[in-house]
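# Tertiary structure, described
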Amino acid sequence: MDLIFRQVRINDKQQLMDVAIKNGKIVEIASSVLSRALQEVQGEGRVLIPSFVEGHLHLEKANLIERAPNRSGTLQEAIKVTAALKPTLTREDILERSTAVLRSLVLSGTTCVRAHAEFDPDQGFTGFDVIIELREKFKDIIDIQVVAFPQEGILKLPGMKEMMVQAMEKGADIVGGIPYNDISPLDHINYVFDLAKKYNKDIDFHQDFSDNATNMTIEYLARKTIEEGYQNRVCVGHLTSLGAVTPEERDKIIALMHKAGISVMCLPATDLHLGARQDTHNIRRSLTPVRNLRDGGVNVCLATNNIRNAFTPYGTGDLLNIAQLALPACHLGGADNQATVLSMLTTNPAKALGLKNYGLAIGKDADLVLLDTYTVRDVILDFPTRLMVLKRGKTVATSQFQRSVVF
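Residues numbered from 1 in each chain as written. Predicted model: local features only at pLDDT ≥ 70, side-chain atom pairs only at ≥ 80, totals over all residues. Heavy atoms only, no water.

Below, the discussion takes up helix α4 (residues 160–170). An α-helix turns once per 3.6 residues; consequently, residues spaced three or four apart project the same way. Those residues of α4 that fall on the buried side of the exposure criterion are Met-160, Met-163, Met-164, Ala-167 and Met-168. The buried side chains of α4 occupy one side of the element, clustering within an arc of 145° when seen end-on. Seen from the buried face of α4, the exposed residues on the opposite side, beyond 90 degrees, are Glu-162 and Glu-169. Elements that come into contact with the buried residues of α4 comprise α3 (126–137), β8 (143–149), β9 (174–177) and α5 (185–199). Phi turns positive one or two residues past the end of α4, at Gly-171, with a value near 115°. (Buried < 20%, exposed > 50% of the residue type's maximum accessible area, 1.4 Å probe, protein only. Helix = DSSP H or I, 4+ residues; strand = E, 2+ residues; numbered from the N terminus. Arc of directions from axis to C-beta. Contact = heavy atoms within 4.5 Å.)

Here it is in structure tokens:
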């Protein structure tokens, strides 16, 4: 064996287990693995989990808050000031900031990220090209799925359709979309599907990002997904408008989404910050209804979206921060609900991103995190040190964390 974790907690209902790794794969899980390994890690009852999966992040826009502050805190100003800034961003600047974010992700236990990389006629492909470059550079440390993302719209910008095709030819993994920021949301959706089908790629929309239920297109999108045979190949981020519909309408839409196999990325750090800015009292949370989606069989995930920019003026890229924010914001604090949160950072986004070799099971890639806590149920609450992070069996981050106290 290459590596064996001795006596780690992988399930609170099971005894401590040994986990053996060879050639980047998990090859044995047992109460006692008899083989020896080149490296053996004594877990002493600590928790071992599959690594975190970041399902929705904008790398090239991270850490811009000092250059483009959002004074009003509204989505409209965030889009405006960032659009004005993007043409001034250089390759070197984007490379430096994006690399710093990726480093933070890995240190916090994330080994796969879906990055929405932007381009448009004003800024060109500068940021997009950097993310493609980083995908190759760090392929042995963190997997990067690159989304061709048209933040400023497609139909309303001359030449943008051609740029979408160029992005796919450059190697984009996913076709992105943002229906609410275009002249015809439905035509926007139709174009994205046509492009995705041409290149046989999955789809990821920024969807229905509003405090109110007017002009929603999620129902059209779900029906389109089924019509095109794209079940289980579509993700949506935000979907805050769904929280504003009546319970009856909400449940009907959720049932349709479940049938379409649409995954949802809840983005609490951004949506709580930007949402309900026009409310004068009894201010709404403006979040997608996570519990209703989950209970309706929809694959729901938690993700970061933005880090320290006009859309989200804080954050580190650590998904446990997002999970702790979601506990009260999404009413996930009760014992039964808490038990469902860890999967929203691991197996759920892995499913949404189509990761076939993911999971703490024999035959899967050894993408794992050893945590300085002793029960799986406490991972979200303890915010434990990430003692060891593995990517396909290779150690990509460690912590020599030691604690001492005088009493």
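Its 14 residues place the ends of helix α7 (residues 247–260) 20 Å apart at the C-alpha level, agreeing with the 20 Å of an ideal helix rising 1.5 Å per residue. All buried positions along α7 are accounted for by Arg-250, Ile-253, Ile-254, Leu-256, Met-257 and Ala-260. The arc that holds every buried residue of α7, seen down its axis, measures 165°, which confines them to one face. Exposed and facing more than 90 degrees away from the buried side of α7 are Glu-248 and Lys-259. For α7, the elements touching its buried residues are α6 (218–227), β12 (263–266) and α9 (290–295). Remark: Gly-261 follows α7 within two positions and exhibits a positive phi of approximately 65°. (Expected span 1.5 Å × (residues − 1).)

Within this model, the largest pocket holds a volume of roughly 620 Å³. Asp-12, Ala-339, Leu-342, Val-376 and Arg-377 are the residues nearest the centre of the largest pocket, which is lined by 21 residues in total. Taken together, the elements giving at least two residues each to the lining of the largest pocket come down to β5 (47–50), α11 (335–338) and α13 (379–382). The element best represented in the lining of the largest pocket is β5, accounting for 3 residues. Looking at the lining of the largest pocket residue by residue, the classes come out as 11 nonpolar, 6 polar and 4 charged. For the second largest pocket, the calculated volume is near 400 Å³. Looking at the second largest pocket, it is lined by 19 residues, and the ones nearest its centre are Gly-243, Arg-285, Leu-287, Thr-288 and Pro-289. In the lining of the second largest pocket, the residues fall into 8 nonpolar, 6 polar and 5 charged. (1 Å grid on protein atoms, 1.4 Å probe; cavity = no way out; pocket = protein on both sides within 12 Å on 5 of 7 lines; lining within 4 Å. Points joined across faces, edges and corners; volume = space filled by probe spheres on them. Nonpolar A, V, L, I, M, F, W, Y, C, P; charged D, E, K, R; others polar.)

Here we come to empty space enclosed by the protein. Summed over the entire model, instances satisfying the criterion amount to 1 cavity of 30 Å³ or more. Taken as a whole, the largest cavity spans an internal volume of roughly 70 Å³. If you trace the largest cavity, you find 14 residues lining it, with Gln-151, Tyr-180, His-206, His-238 and Phe-311 closest to the centre. Of the residues belonging to the lining of the largest cavity, the class tally is 6 nonpolar, 7 polar and 1 charged.

We now examine the sheet that holds β9. One open sheet holds the 8 strands; their spatial order is β6-β7-β8-β9-β10-β11-β12-β13, and the pairing between them is parallel. Strands with a single pairing partner mark the edges of an open sheet, and in this sheet they are β6 (52–57) and β13 (300–302). Across the sheet, the axes of successive neighbouring strands diverge by a mean angle of 25°, strand direction being ignored. Relative to β12, strand β11 (residues 234–238) runs parallel, the two sharing 3 bridges. Paired with Gly-237 across the strands is Met-265, a residue of β12. Each of β9, β10 (202–207) and β11 touches α5; the most contacted strand, β10, lies at about 160° to it. (Pairing = 2+ DSSP bridges. Axes fitted to C-alpha atoms, helices over the stretch in contact; angles between N-to-C directions.)

Okay, the packing of aromatic side chains next. Applying the stated criterion across every chain yields a total of 6 aromatic pairs. Arranged with centres 6.3 Å apart and planes meeting at 70°, the rings of Tyr-180 and Phe-209 form a pair that is edge-to-face. One end of the pair, Tyr-180, is in the loop between β9 and α5; the other, Phe-209, is in the loop between β10 and α6, with 29 residues separating them in the sequence. Each member of the aromatic cluster is reached from another via a ring pair, and the members are Phe-119, Phe-125 and Phe-128. Geometry around Phe-383 places Arg-386 over its ring, the cationic atom sitting 5.2 Å from the centre. (Phe/Tyr/Trp six-rings, centres within 6.5 Å; stacked < 30°, edge-to-face > 60°. Lys NZ or Arg CZ within 6 Å of the ring centre and 35° of its normal.)

Another point: the pairing of β8. Burial within β8 is extensive, with 6 of its 7 residues counted as buried. Direction of pairing for strand β7 (residues 110–118) relative to β8: parallel, over a ladder of 7 bridges. Within β8, the position partnered with Cys-112 by the bridge is Asp-143. One crossover worth recording links β7 to the parallel β8 by way of α3, and it is right-handed. Relative to β9, β8 runs parallel, the two being bridged by 2 bridges. Bridge pairing in β9 places Val-147 opposite Ile-174. For the crossover from β8 across α4 to β9, the handedness is right-handed. (Right-handed = clockwise from strand over helix to strand, strands pointing away.)

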